[in-house]
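Examination of the molecular architecture
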Amino acid sequence: MTTVAPYLPWNRPSLGQEEEAEVMDTLRSGWLTHGPKATRFEEAVKSDLGIEDAFAVSSCTAALHLALLAAGIEAGDEVITPSLTFCAAPNAIVQCGAKPVFTEVDPITFTIDPEAAEHAITSRTKAVVVMHYGGQPCDLVAFRKLADDHGLLLIEDAAHALHAWRDGLRAGSVGDLAVFSFYANKVITCGEGGMIVGRADLVQAARLLGRHGIDTSVWQRHGKRNTADYEVTVPGLKYTMPDITAAVGIQQFYKLPEFTACRALIAASYDRSLTGLAGLRLPTVADGVQPGWFLYPVLIEPVGGRTRDTVADLLLNDHGIGTGVHFKPVHRLAAYRYLDCHLPVTEQIAARQLSLPCYPAMTSADVQRVIDALHAIWS
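Since we're looking at a predicted model, the values are computed, not measured. (Residues numbered from 1 in each chain as written. Predicted model: local features only at pLDDT ≥ 70, side-chain atom pairs only at ≥ 80, totals over all residues. Heavy atoms only, no water.)

Turning to the overall build of the protein, a few remarks are in order. In terms of helices and strands, the protein carries 13 helices and 13 strands. Dimensions along the principal axes, computed over C-alpha positions, put the protein at roughly 75 × 55 × 40 Å. Expressed as a percentage of its 379 residues, the buried residues of the protein come to 56%. Long-range contacts, defined as pairs at least 24 residues apart, comprise 72% of the intrachain contacts of the protein with a sequence gap of at least 6. Across the protein, the 31 positively charged side chains and the 42 negatively charged ones have centroids separated by 4 Å. (Helix = DSSP H or I, 4+ residues; strand = E, 2+ residues; numbered from the N terminus. Buried < 20%, exposed > 50% of the residue type's maximum accessible area, 1.4 Å probe, protein only. Contact = heavy atoms within 4.5 Å. Lys, Arg positive; Asp, Glu negative; His and termini not counted. Charge placed at Lys NZ, Arg CZ, Asp CG, Glu CD.)

Written as structure tokens, this is what we have:
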């Protein structure tokens, strides 16, 4: 493969001296596992979101699993969730012994449709896991009402939306529980990591489950005469975030407003420069939404012989530009094909969706390179 310029990946993290210094401070402290830095990270997120409690964990998938366990989801239960998502939420539902019930998304915003979710409720439904697609929150007011009216637990999968709002409500602050991701490509990164936030009683239940069911943390026991003085009150799991990871997250979180502003500027450049290309549908932001722009998701209609895959190939092979697909519908994955799903909106979006590079490490020249490449493909 030959390219005209160095490869421009779909995503690249922005890490600096602040993260290096915080990690070195952790290494020199001698305390590496879940302790003072993880606690500091939790407190920062808790204060910023204005929520009751927060627990830093090893991944967003771990946070989803703990959220469902803390909510009492078990065999025979049903949990409503979109299929246009990563497999983490459905996998966590299945690991609890429950059944994921996939439902449609809004054809404009790609976020889960409240009416479709309500139609999917049965006597076995115990929770709804909504997903804030690409950093655009779903209709939080509608889903809070739906959950309250039907006695369901509302869990926000806010992996894409740490700094996003809708109708004056912060993503992650409305559900009974919410989860965030700090994976390598997310709006802030720890490399790996996640956080579960929300109601204090549920987060505390998740915290207990996430540290083997032990009633006190190792940090709480540090310096005590008898560090073995603890009790295991429930059979739990090991899902805690280590302090080395949290050290990166702390400094990344301080940079979140700057990162969000950078993403918004890139999205605005794409909006201005790509409008009018036939068959290229740019993302639509719902009224009252301040998106986090984790994704800049376009739809490529089959016009002029172009398809999503041919455009992605041309961007990569002729211009050295990486892209992403978000997502292959979960109900079409081998592990879930046993479920009887008819989701035409989801499948149409999934067949045409392409995520353009949109991240703070991009330079203005990088952004212009993407724009020029698309115009060249369309010419």
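Residues of helix α12 (residues 344–352) that are buried: T346, I349 and A350. For α12, the buried positions fall inside an angular range of 100° around the axis, keeping them on one side. Close packing links the buried residues of α12 with β3 (99–103), β12 (296–300), α11 (308–319) and β13 (353–356). (Arc of directions from axis to C-beta.)

What follows is about the sheet that holds strand β8 (residues 177–181). A sheet is described by the order of its strands in space; here seven strands give the open sequence β1-β9-β8-β5-β4-β2-β3, paired in mixed fashion. If you trace the sheet from one side to the other, it starts and ends with β1 (53–57) and β3, each paired once. Going across the sheet, the axis of each strand differs from the next one's by a mean of 20°, ignoring polarity. Where strand β2 (residues 78–82) meets strand β4 (residues 125–131), three bridges bridge the pair, whose relative direction is parallel. Looking at β4, one finds that V79 is bridged to A127. Each of β1, β2, β4, β5 (153–157), β8 and β9 (194–198) is contacted by helix α3 (residues 60–70), which is oriented at about 165° to β8, the strand it contacts most. (Pairing = 2+ DSSP bridges. Axes fitted to C-alpha atoms, helices over the stretch in contact; angles between N-to-C directions.)

This paragraph deals with the sheet that holds β13. Spatial ordering of the open sheet is given by β10-β12-β13, a layout of three strands whose pairing is antiparallel. A single partner strand is all that each edge strand has here, and the edge strands are β10 (280–281) and β13. Summarising the sheet, β12 and β13 pair through four bridges and their orientation is antiparallel. By the bridge assignment, Y296 is partnered in β13 with L356. The strands touched by helix α10 (residues 256–274) within the sheet are β10, β12 and β13, with β12 carrying the most contacts at an inclination of about 25°.

Attention now moves to the packing of aromatic side chains. Applying the stated criterion across every chain, the model contains eight aromatic pairs. Considering the side-chain rings of W10 and F294, the 6.0 Å spacing of their centres and the 85° angle between planes classify their relative orientation as edge-to-face. Placement of the pair is W10 in the segment before α1 (17–29) and F294 in the loop between β11 (289–290) and β12, with a sequence separation of 284 residues. Judged by relative accessible area, F294 falls into the buried class, the value being 3%. Ring centres 6.3 Å apart and planes at 90° place the aromatic pair Y133 and F327 in the edge-to-face group. (Phe/Tyr/Trp six-rings, centres within 6.5 Å; stacked < 30°, edge-to-face > 60°.)

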